[in-house]
Amino acid sequence: MLTSFVLSATHEAGWEIPREARERMLAGLSNFVSGKLTQRYDYYRNDSMELTERKILALDALSRYNYAPPELAESLQLDLSKLSTHALTVWVRTVHRSTWPRRDALLKPALVELKQRYRITAQGLELRNQGNEDRWWLMYASDVTVVKLILTALDVPALQADLDGIVRGAIARQRHGHWQTTQANVWGSLALDKYALHAAKSQLSGKTVLHFGDQRREVDWATSAQGEHFVIPFTAERATLRLEHQGKGVPYVQVLATGYGELNQPSYHGIKVEKTLT
């Protein structure tokens, strides 16, 4: 699982793994998918679908490096209705990325099944059988499924009508500006970065104006094609942040609010370090 994650996440981020190490990792995953390498797991139910899911995640990593011949995909024992939504999401993107001879035949039923697994509402995004998405031993939970769904929708035209709703649903799952697991934050940050590039593809013109209390800032897209970064102090009274775009296109805005409070005692967030001098 960790090897699949490292290969997939680094590829998604555009990072390079040293060639020798990368080739060993890819060879190991290829042997695992083909059945030449087997492992025994004592901490989960060792059923065929979880083995299939592990192989789908490995195949996703392999396909990113053109290391996934069609016979590897054909070796999988697939029952789409029994796959988790996470595995199905990864499978759809993997098949769409491939040049396998049976690509279209594999992709069509997987898309039909995937579209039945989620529902976009005014409050966010609902996953069918969400409890089945929390599998720590496979390095994911439901938040990971949703943010990976963004990446799949960005790639697959048949899902792009749902893209904005999926993004809103993913963001609605955050608490205090982040998701609840490291995996979700890794994949979520990568997904939102790619969504921002996608949203910015439309030609921007005119100006975007920001109002916060009596403070005003603006971006003139004719002279600031890459956008602007503003630091705006909080006001003494409650104020509303308003953004207005006067022109063509849909700009992407990222807002971060920070504050400081009086600290009278040590504050620990996840790690505590003490040093004793004698």
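It should be noted that the structure appears before, not after, this text.
Residues numbered from 1 in each chain as written. Predicted model: local features only at pLDDT ≥ 70, side-chain atom pairs only at ≥ 80, totals over all residues. Heavy atoms only, no water.

Q: How would you explain the pattern of salt bridges if you had to name every residue and give the values?
A: Between side chains of opposite charge, a pair can form as their charged atoms come close. All chains considered together, the criterion is met by 21 salt bridges. Note that glutamate 20 and arginine 24 form a salt bridge whose closest N and O atoms lie 3.4 Å from each other. Linking glutamate 20 with arginine 24, this pair stays in helix 2 (residues 19-34), spanning 4 residues, or about one helical turn. Here the two residues glutamate 20 and arginine 24 agree in accessibility, since each one is exposed. Sharing partners across several salt bridges, the network here consists of Glu12, Asp60, Arg64, Arg93, Arg97, Asp155 and Lys194. (Salt bridge = Lys/Arg side-chain N within 4 Å of Asp/Glu carboxyl O. Helix = DSSP H or I, 4+ residues; strand = E, 2+ residues; numbered from the N terminus. Buried < 20%, exposed > 50% of the residue type's maximum accessible area, 1.4 Å probe, protein only.)

Q: For the layout of surface pockets, give the residues involved together with the corresponding values.
A: Quantified by volume, the largest pocket comes out at close to 1800 Å³. Lining the largest pocket we find 49 residues, and of these Tyr252, Val253, Gln254, Val255 and Leu256 sit closest to its centre. Taken together, the elements giving at least two residues each to the lining of the largest pocket come down to helix 8 (163-172), helix 9 (182-199), strand 3 (207-212), strand 4 (215-220) and strand 5 (241-246). Among the elements that line the lining of the largest pocket, the one with the most residues is helix 9, at 8 residues. Roughly 190 Å³ of internal volume is contained in the second largest pocket. For the second largest pocket, the lining is made up of 12 residues, of which Met1, Thr3, Leu29, Phe32 and Gln39 are closest to its centre. Where the lining of the second largest pocket is concerned, the elements lending two or more residues are helix 1 (2-13), helix 2 and helix 3 (48-64). The greatest single-element share of the lining of the second largest pocket, amounting to 4 residues, is contributed by helix 2. In terms of residue class, the lining of the second largest pocket is built from 7 nonpolar, 4 polar and 1 charged. (1 Å grid on protein atoms, 1.4 Å probe; cavity = no way out; pocket = protein on both sides within 12 Å on 5 of 7 lines; lining within 4 Å. Points joined across faces, edges and corners; volume = space filled by probe spheres on them. Nonpolar A, V, L, I, M, F, W, Y, C, P; charged D, E, K, R; others polar.)

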